[in-house]
Amino acid sequence: MINSLLNKFELDTPCLVLDLDILESNLHKMQVAATRAGKQLRPHAKTHKCSILAKTQMAAGAVGICVAKVSEAEALVNRDLQNILITGPVATERKIARMVDLLSRAPNLMVAIDRPESVTTLADLLHARWMSMDVLLDLDVGLHRTGVTPSAAMDLARLILTRPELRLKGIQAYAGQVQHIPSYEERKKASLACLQEAAGVFRQLQAITDTCSIFSASGTGTFDIDLEIPELTDMQVGSYVCMDTEYLSIGSAADPKQFSAFTPALRLLTSVISCNQPGFVTVDAGLKSLYRDGGLPRLFGEQAAGLAYSWFGDEYGRITSINGGELPALGSVLELVTSHCDPTINLFDRFYLVRDDQVVGIWPIDLRGCSQ
Ligand SMILES: Cc1ncc(COP(=O)(O)O)c(C=O)c1O
């Protein structure tokens, strides 16, 4: 239970807070941008790992939710969510069977597919169970992580079309390699090149079958750029809802030095637990509370100008003064904007929800640890 008078700075730390006013504004901005351009939102739950937040995105107008893993899809279905797209290929027999098990409770489940072997294994299993499933061709537009190259895409599509157990609904083409290009103009050029190539494949598919109606792509870093692609139907954006310093520090159409379209709704609160050394104080959030491979977290708001965080081991961080900022006293609670929101969120059990700094609720991070 949350005491209705609790201020966020009274919470035990380290903990994650979500500013609901900012979160709602981020959701609204992305939904309006997509709707105005005639696109649908299919936000990625890999960012927030929270079924209530996924439901909030659906209530705000999303047509479905993306996940990376089968276990995330299971967790969402267990909490009554439908229209789920698994954006990564499901390749092992064990995992394919697990996904097909879920299909009976989630008939609209879709999966991205990128190999002939997976087509055969999935279709054979569906055949044995008298079932069918929607699939998207996973197109590799330069990330080279998963996906079929555009030149090999039609062969894979024709194989899928030979199997009545599979309904080829379109393509998924996530250009992850371009999302954080600092220069907006360079990012724009790179993203449009990727998605124009994907659009060519999408048109070829539509020429050979009338089932293809979904072209899902895009990320937070290119959301406004990709809206220009006429063939694009669905935006599978993730980070925009919480935001992090990796995204805040790339250039945007409005400002070459920062990305201001969305505001950080997610903050990590950390307390000063030691101040026995000259020149710095020690806080209670270290590597176990903050994902490291995205750079350093940043102090939020007015504190950002005078204080800086640096790593101090598994459990601790070091706060030093910059530009003559005054070091905080023992017990002070500081607010950090995390450097990479997805893996940081995966370290916590719950979000504390705040409005005007008052704690108004808790959302469990119930997909946390769903990495299978
Ligand atoms: C396949 C896929 N789609 C969409 C996204 C969402 O991207 P972003 O967080 O940049 O909005 C990701 C993020 O890594 C992803 O891997």
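Here's a quick rundown of the structure. Note that the coordinates shown come from a computational prediction; the quantities given were computed from them, not determined experimentally. (Residues numbered from 1 in each chain as written. Predicted model: local features only at pLDDT ≥ 70, side-chain atom pairs only at ≥ 80, totals over all residues.)

Describing the overall build of the protein chain
Okay, so step 1: The secondary structure content of the protein chain amounts to 10 helices and 17 strands.
Okay, so step 2: Against the globule reference of 21 Å for 372 residues, the protein chain gives a C-alpha radius of gyration of 22 Å, in line with a compact fold.
Okay, so step 3: Within the protein chain, the proportion of its 372 residues that are buried is 44%.
Okay, so step 4: Long-range pairs, those at least 24 residues apart, make up 66% of the contacts in the protein chain with a sequence separation of at least 6. (Helix = DSSP H or I, 4+ residues; strand = E, 2+ residues; numbered from the N terminus. Rg over C-alpha atoms; globule rule 2.2 N^0.38 Å. Buried ≥ 20, exposed ≤ 12 C-beta atoms within 10 Å, placed from the backbone. Contact = placed C-beta atoms within 7 Å.)

Quick look at unusual backbone geometry
Okay, so step 1: The peptide bond linking T13 to P14 adopts the cis configuration, its omega dihedral lying at -5°.
Okay, so step 2: Unlike most non-glycine residues, K49 shows phi in positive territory, near 55°.
Okay, so step 3: Here K49 lies in the loop between β2 (40–41) and α2 (51–59).

Re helix α3 (residues 70–78)
Okay, so step 1: Of the positions making up α3, those classed as buried are V70, E72, A73, E74, A75 and L76.
Okay, so step 2: Close packing links the buried residues of α3 with α2, β3 (65–67), β4 (84–86) and α4 (93–103).

Quick notes on the site of the ligand
Okay, so step 1: Of all residues adjacent to the ligand, which total 14 residues, the nearest are Y174, G219, T220, G238 and S239.
Okay, so step 2: When its residues are assigned to classes, the shell around the ligand shows 2 nonpolar, 11 polar and 1 charged. (Near = placed C-beta within 6 Å. Nonpolar A, V, L, I, M, F, W, Y, C, P; charged D, E, K, R; others polar.)

Brief notes about the packing of α4 against helix α5 (residues 116–128)
Okay, so step 1: Between α4 and α5, the least distance of the axes is 10 Å, while the angle of their chain directions is 45°. Between α4 and α5, the angle is such that the two are oblique. Seen from above, α4 lies across α5 with right-handed handedness. Within the contact between the two elements, α4 uses E93, I96, A97 and V100 and α5 uses T121, L122, L125 and L126. (Axes fitted to C-alpha atoms, helices over the stretch in contact; angles between N-to-C directions. Parallel < 35°, antiparallel > 145°, perpendicular 65-115°, else oblique. Left-handed = near helix turned anticlockwise from the far one by under 90°.)

Considerations on the sheet that holds strand β6 (residues 133–138)
Okay, so step 1: Taken together, the 8 strands give an open sheet; going across it, the order is β2-β9-β8-β7-β6-β5-β4-β3, and neighbouring strands pair in parallel fashion. Because the sheet does not close on itself, it has two edges, and the strands there are β2 and β3.
Okay, so step 2: Inspection of the sheet shows strand β8 (residues 214–217) paired to strand β9 (residues 234–235) by 2 bridges, in the parallel sense. Paired with A217 across the strands is M235, a residue of β9. (Pairing = 2+ DSSP bridges.)

Description of the packing of helix α6 (residues 150–161) against helix α7 (residues 184–208)
Okay, so step 1: The interhelical angle for the contact between α6 and α7, taken along N-to-C directions, is 25°, at an axis separation of 10 Å. Between α6 and α7, the angle is such that the two are roughly parallel. The hand of the α6/α7 crossing is right-handed. Residue-level contacts link P150, A153, M154 and A157 of α6 to E197, V201, Q204 and L205 of α7.
Okay, so step 2: Its residues assigned to classes, the contact of α6 with α7 comprises 6 nonpolar, 1 polar and 1 charged.

Section: the nonpolar core
Okay, so step 1: Counting 104 residues, the largest nonpolar core has L137, I171 and A198 as the members making the most contacts within it.
Okay, so step 2: Setting aside residues up to four positions removed in sequence, A198 forms contacts with L139, V141, I171, A173, F215 and A217. (Core = buried A, V, L, I, M, F, W, Y, C linked by C-beta atoms within 7 Å.)

Examining helix α1 (residues 20–36)
Okay, so step 1: Across its 17 residues, α1 extends 24 Å between first and last C-alpha, which sits within 8% of the 24 Å expected from 1.5 Å per residue.
Okay, so step 2: For α1, the set of buried residues is I22, L23, N26, L27, M30 and A34. All buried residues of α1 lie within an arc of 140° about the axis, which places them on one face of the element. Those residues of α1 that are exposed and aimed more than 90 degrees away from the buried face are D21, H28, V32, T35 and R36.
Okay, so step 3: Where the residues of α1 are buried, they touch β1 (15–19), β2, α2, α8 (223–226) and β9. (Expected span 1.5 Å × (residues − 1). Arc of directions from axis to C-beta.)

Quick word on the environment of P43
Okay, so step 1: Tracing the sequence through the fold places P43 in the loop between β2 and α2.
Okay, so step 2: Classification of P43 by C-beta neighbours within 10 Å gives buried; the count is 31.
Okay, so step 3: Spatially, the C-alpha atom of P43 lies 18 Å from that of L195, the residues being 152 residues apart in sequence.

Re the pairing of strand β14 (residues 317–321)
Okay, so step 1: Inspection of the sheet shows strand β11 (residues 280–283) paired to β14 by 4 bridges, in the antiparallel sense. Bridge pairing in β14 places F280 opposite T320.
Okay, so step 2: One ladder, built from 5 bridges, connects strand β13 (residues 307–311) with β14; its direction is antiparallel. The residue bridging Y309 from the neighbouring strand is I319, located in β14.
Okay, so step 3: Turn length for the β13-β14 hairpin, with the two strands adjacent in sequence and antiparallel, is 5 residues, and the turn residue G313 shows positive phi of about 100°.

What about the pairing of strand β17 (residues 358–364)?
Okay, so step 1: Pairing geometry for strand β16 (residues 350–355) and β17, over 6 bridges, is antiparallel. Following the sheet pairing, F351 is matched in β17 by W363.
Okay, so step 2: Linkage of β16 to β17, two consecutive antiparallel strands, is achieved through a turn of 2 residues, within which D356 is found at a positive phi near 50°.

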